[in-house]
Every structure is written in structure tokens, then in C-alpha cells.
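# Chain and residue survey
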Amino acid sequence: MRISVIGTGYVGTVSAACFAELGHSVICVDIDKSKIEQINAGIPPIYEDGLSELLEKHAGKKLSATSDYDFAVKNSDVSFICVGTPSDPDGNIDLGIVRAASASLGDAMKYKNDYHIVVVKSTVVPETTEKVVLPIIEEHSGKRAGEFGIAMNPEFLREGKAIYDFMNPDKIVVGSLDESSGDIIASLYDELKCGVTRTDPRTAEMIKYVNNSLLATKISFSNEIGNICKKLGIDTYEVMAAVGKDFRIGKHFLNAGAGFGGSCFPKDVKALVGKARQIGYEPELLKSVIDVNERQPAMMVRLLKDRLGNLDGKKIAVLGLAFKNDTDDIRESRSIPVIKELLDNGAEISAYDPMANENMARIFKNIEYHITTVDALKGADACLVMTEWDEFRNLGNEFGVMKNRLVIDGRHMIAKRDDIEYVGLCW
Ligand code: NAD
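Now for a look at the structure at hand. (Residues numbered from 1 in each chain as written. Predicted model: local features only at pLDDT ≥ 70, side-chain atom pairs only at ≥ 80, totals over all residues. Heavy atoms only, no water.)

### Description of the side chain of H116
Note that H116 resides in the loop between α5 (96-109) and β5 (117-120). What makes H116 buried here is its relative accessible area of 2%. Of note is the side chain of H116, whose polar atom sits 3.3 Å from the backbone oxygen of S76. A distance of 2.8 Å separates the side chain of H116 from the side chain of K112, its partner in a polar contact. With near-sequence residues (within four places) excluded, H116 lies in contact with V73, S76, D77, V78, S79, M109, F148 and G149. (Helix = DSSP H or I, 4+ residues; strand = E, 2+ residues; numbered from the N terminus. Buried < 20%, exposed > 50% of the residue type's maximum accessible area, 1.4 Å probe, protein only. Polar contact = N/O pair within 3.5 Å; in protein donor to acceptor, adjacent residues only side chain to side chain. Contact = heavy atoms within 4.5 Å.)

### Side note on the sheet that holds strand β14 (residues 421-424)
Through backbone hydrogen bonds, the strands of a sheet pair up, either in parallel or in antiparallel fashion. One open sheet holds the six strands; their spatial order is β11-β10-β9-β12-β13-β14, and the pairing between them is parallel. Two strands in the sheet have a free side with no partner beyond their single neighbour: β11 (368-370) and β14. Across the sheet, the mean angle separating the axes of adjacent strands is 20 degrees when strand polarity is ignored. The sheet strands contacting helix α12 (residues 284-308) are β9 (315-319), β12 (382-385), β13 (406-409) and β14, and the helix crosses β13 at an angle near 160 degrees. (Pairing = 2+ DSSP bridges. Axes fitted to C-alpha atoms, helices over the stretch in contact; angles between N-to-C directions.)

### Observations regarding the nonpolar core
L304, L342 and I414 are the most contacted members of the largest nonpolar core, which totals 53 residues. Residue assignment for this core shows that the elements contributing at least two residues are α12, β9, α13 (335-344), β10 (348-352), α15 (373-377), β12, β13 and β14. For this core, the element with the highest residue contribution is α12, accounting for six residues. Excluding residues that lie within four positions of it along the chain, L342 makes contacts with V301, L304, L311, I316, V318, A347, I349 and L384. Grouped together as the second largest cluster of nonpolar side chains are 43 residues, V73, A108, V133 and A204 included. (Core = buried A, V, L, I, M, F, W, Y, C linked by side-chain atoms within 4.5 Å.)

### Some details on the layout of surface pockets
There is about 360 Å³ of room inside the second largest pocket. Lining the second largest pocket are 18 residues, with D328, M355, E358, N359 and R362 positioned closest to its centre. Here the element with the most residues in the lining of the second largest pocket is helix α14 (residues 357-361); it accounts for three residues. The residue makeup of the lining of the second largest pocket, split by class, is 10 nonpolar, two polar and six charged. Residues lining the lining of the second largest pocket come from more than one domain, with at least three contributed by each of domain 1 (2-199) and domain 2 (232-427). (1 Å grid on protein atoms, 1.4 Å probe; cavity = no way out; pocket = protein on both sides within 12 Å on 5 of 7 lines; lining within 4 Å. Points joined across faces, edges and corners; volume = space filled by probe spheres on them. Nonpolar A, V, L, I, M, F, W, Y, C, P; charged D, E, K, R; others polar. Domains from an automatic or database assignment.)

### Some remarks on the sheet that holds strand β1 (residues 2-6)
An order of β3-β2-β1-β4-β5-β6-β7-β8 is seen for the eight strands of this open sheet, with the pairing classed as mixed. What marks the edges here is a single partner per strand, and that holds for β3 (63-66) and β8 (196-199). Strand-to-strand twist across the sheet, computed as the mean angle between neighbouring axes with direction ignored, equals 25 degrees. The sheet contact formed by strand β4 (residues 78-81) and β5 spans four bridges and is parallel. Bridge pairing links S79 to V118 in β5. Along the sheet, α5 makes contact with β1, β4 and β5, crossing β4 at roughly 165 degrees. Lying over the sheet, helix α8 (residues 179-187) contacts β4, β5, β6 (149-152), β7 (172-176) and β8, oriented at roughly 160 degrees with respect to β8.

Right, here's the structure in full:
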């Protein structure tokens, strides 16, 4: 099948590379010319394990990139919309980029006689495909639904494991208005040997939000329990290890800590809250999921102040800037509010992340970035562990270079030892 992928961010680039690997011909479209050049040169515009190898293998053969919608639509049968769906200032979904991409697709479809299918892969609130994307494409193409196909195919990949997840999905959801468009989209995944859940578009949209909201709920629930456990002197990890043995609960996403970040959980839970309010329902539980998550980073700083008092002029090492391990993505990383609050309190930041220093330097230009943990720890009055990078798991003697060996662990990573003052966030 000939596929075009609109938007070459995390989801678009990974989907494009994996569709090429599955044997399809893929054209990527982005308005960012630098990304187009990188992809055509076989260089990933983002870091993802295994992506570089796939792009190198397929660029210039099964995969190419352009900013020309007309070319991409003319030379493909299916277009996947993979552009961003950020939050607006009130936390509601901002569909501006989806609207712009839909209009460009519609314009390009106007002069195409062959049947074309538009698939929304971006995470969008229920009804968006039918009530926003479809009318825009009809208006710009001058065609009616039926003369072209429309479907929704949410993406469940995890950053850091995105290629593996795309190639080894535990579910594929295809929501379509008409049966035959759904059949075609489902057939793109034939090689993956995973059952395809077929729905209408709004159900497919909802499945994605419920998936992310439930995972986020498990994390905030675990953080709340962790906060209570800490006050009671109970090890929340011991508690959750036992609780997670219940097959109805499962052992994943029960780790208490500094909270969830990333480009999906925070914005998706907020968008679902916004959508619920828009239809007259006040989602108390989902609001609490966000509230608990926003409290956790401030608790890291409170623990620090309890020990050090005034932070003015104190040097604080921040280990981990990415929102999670194995990615350079810092979107909504929990280290952002922590660094902000430390700076507001007059502290000096000495930061280290194996991959995300450069990205964080775009937000905080005037803090120190280091290329090793030891460099970041040298002379520090305290250290905060913010991301669960594997390399932090074995830290021990390295803390010896600190001026004051206070370690506040936000990710349950560091082994307690006699020569450091160890403080766990919820344990
Ligand atoms: P991203 O911001 O990394 O990438 C979006 C890309 O779209 C950018 O390269 C941007 O230049 C491009 N773009 C913007 N306007 C455009 C236009 N008019 N035409 C063509 N390209 C345009 O976003 P992402 O993280 O890949 O997320 C994309 C969608 O997938 C979002 O809805 C997100 O919620 C969802 N999603 C993301 C993940 C994830 O882990 N990142 C996982 C599942 C679903």
C-alpha cells in the first residue's frame, strides 16, 4: 500500500519507518523543512531506539519526505494525520494543527480522482474525526464522505520503546465510518499478527483517552498511597508489590514517585476533563489525578527545604531531565517544575541527563549542564533524582564528590547506604 504520513514527530516518524519496514511505500509530510532534510538523509529527527537503523535502511527507497501535500496525496492511497494536539491555556485540546493539516489534505485531494482514505492517528477527543476533520476535508476537497474514506486509528506506542511497541502491539484499534475503509486500514497491519479491534471513529478516539487516563490514574493513586505510607513509616513499594499480585490490578504503573510527565498523560487527562465539562459532566476523579500529579514535584523541593533550610546560593544537582528514561523528550518532565521552584528559591542548578541536556537548555538557558553524573554532583549541597535512567541505579561512591551527601530520590532508584543521607519521596 502507498501511505503518506502527515507530521514527522515521535508518532509520525516511528509510524512511517515501521510502515516501510512492513513493506509499504511511505511519504512523510512536514512543514518543518529541517525534519524533511533529516529524514531524506536517513537521520531521525528525534531519538528512538532502533529508529536510526530503520531510516537508514528505507530512506531514499521505500521512504521519502516532502513538504508538498499535493505530491504526497497524489502518490499515496492513505494519509495518516500524526500532527500534535497540544493543550490550550485552559487545558482543553487545541485542534489548530489538526485543522490546518486537514485543510491542506483536503486542498490536495481536490484534484485527485482516485479514492483516498484519511486516517486520524493523532490523539483527539471523541467526535473530532467526524465533527472537525471530516467537514474540513469535505469543504476543502469539494467531495463528500463516501467519495473518500475516513477513519481513526489511535497510537499506543511508548516513547523509548516506540519501534518495539509499533511492531509488537497488544492492540490495534481502527474506527471507521464505512466498512471498506476500515478493512483497508486494518490490512496495513496484517504482518503484525495482532487482532484488530474495529469500532466507529468516536469509540476509537475514546479508547485512547481511557487507556491513558487509566494508566495516569494508577500512577496518581500510587503516589497518594505513597504519600500516606511515608507519613505512617510504611514502605509503599512493599505494599504495592503485594497489591499488584492481584490479577485484577496488575503490577505495572504502581510505582510511587515524582509523577508522570511526557507529551501524552498530562495533556490527555486534561483534554478528557475538558471534553467531559463541555458536555456537562464534572469529572472529579480525573481532576484529582492531575492535582496529585502536580503536587509531587513540589514535595521534592519541600523535602529538600526541610533538610537544608534556605536554598539561596545552595548548589543542587538534578539527575535526570527527560520525562522518563530512554528518551530525550522533556515535554511536561517533572524536573521542569522542580528546577523552576529551585531557581525561584535562589538555588544554583547543576544538571545531568544522558540524552536530554540539549532539549532542557532550550527552556533553562542559565543552569549548568554536565556530561557525567560525577561532574553534576561535584560540590553539591544536595542531589535530586528525577528520571529513572538505568545508570542511576548503581550510583554509590559517586556521591562522595558532593559537599553535603543529601540524596532525595524521586524515582526509588538509589540504594540506601551509610555514607549518604537518603530521603525517598514517598518511602
Ligand atoms: P510532535 O509534536 O512530536 O510532532 C508533530 C509534527 O507535526 C511536528 O514535526 C510538526 O512540525 C508537524 N506539523 C505541524 N503542523 C503541521 C502541518 N500543518 N502539516 C504537516 N506537519 C505538521 O507530536 P507527537 O509526539 O508525534 O504526537 C503526535 C500525536 O500523536 C499527538 O496527538 C499525540 O498526543 C499522539 N501520540 C503521541 C505519542 C507519543 O509518545 N509522543 C504516543 C501516542 C500518541
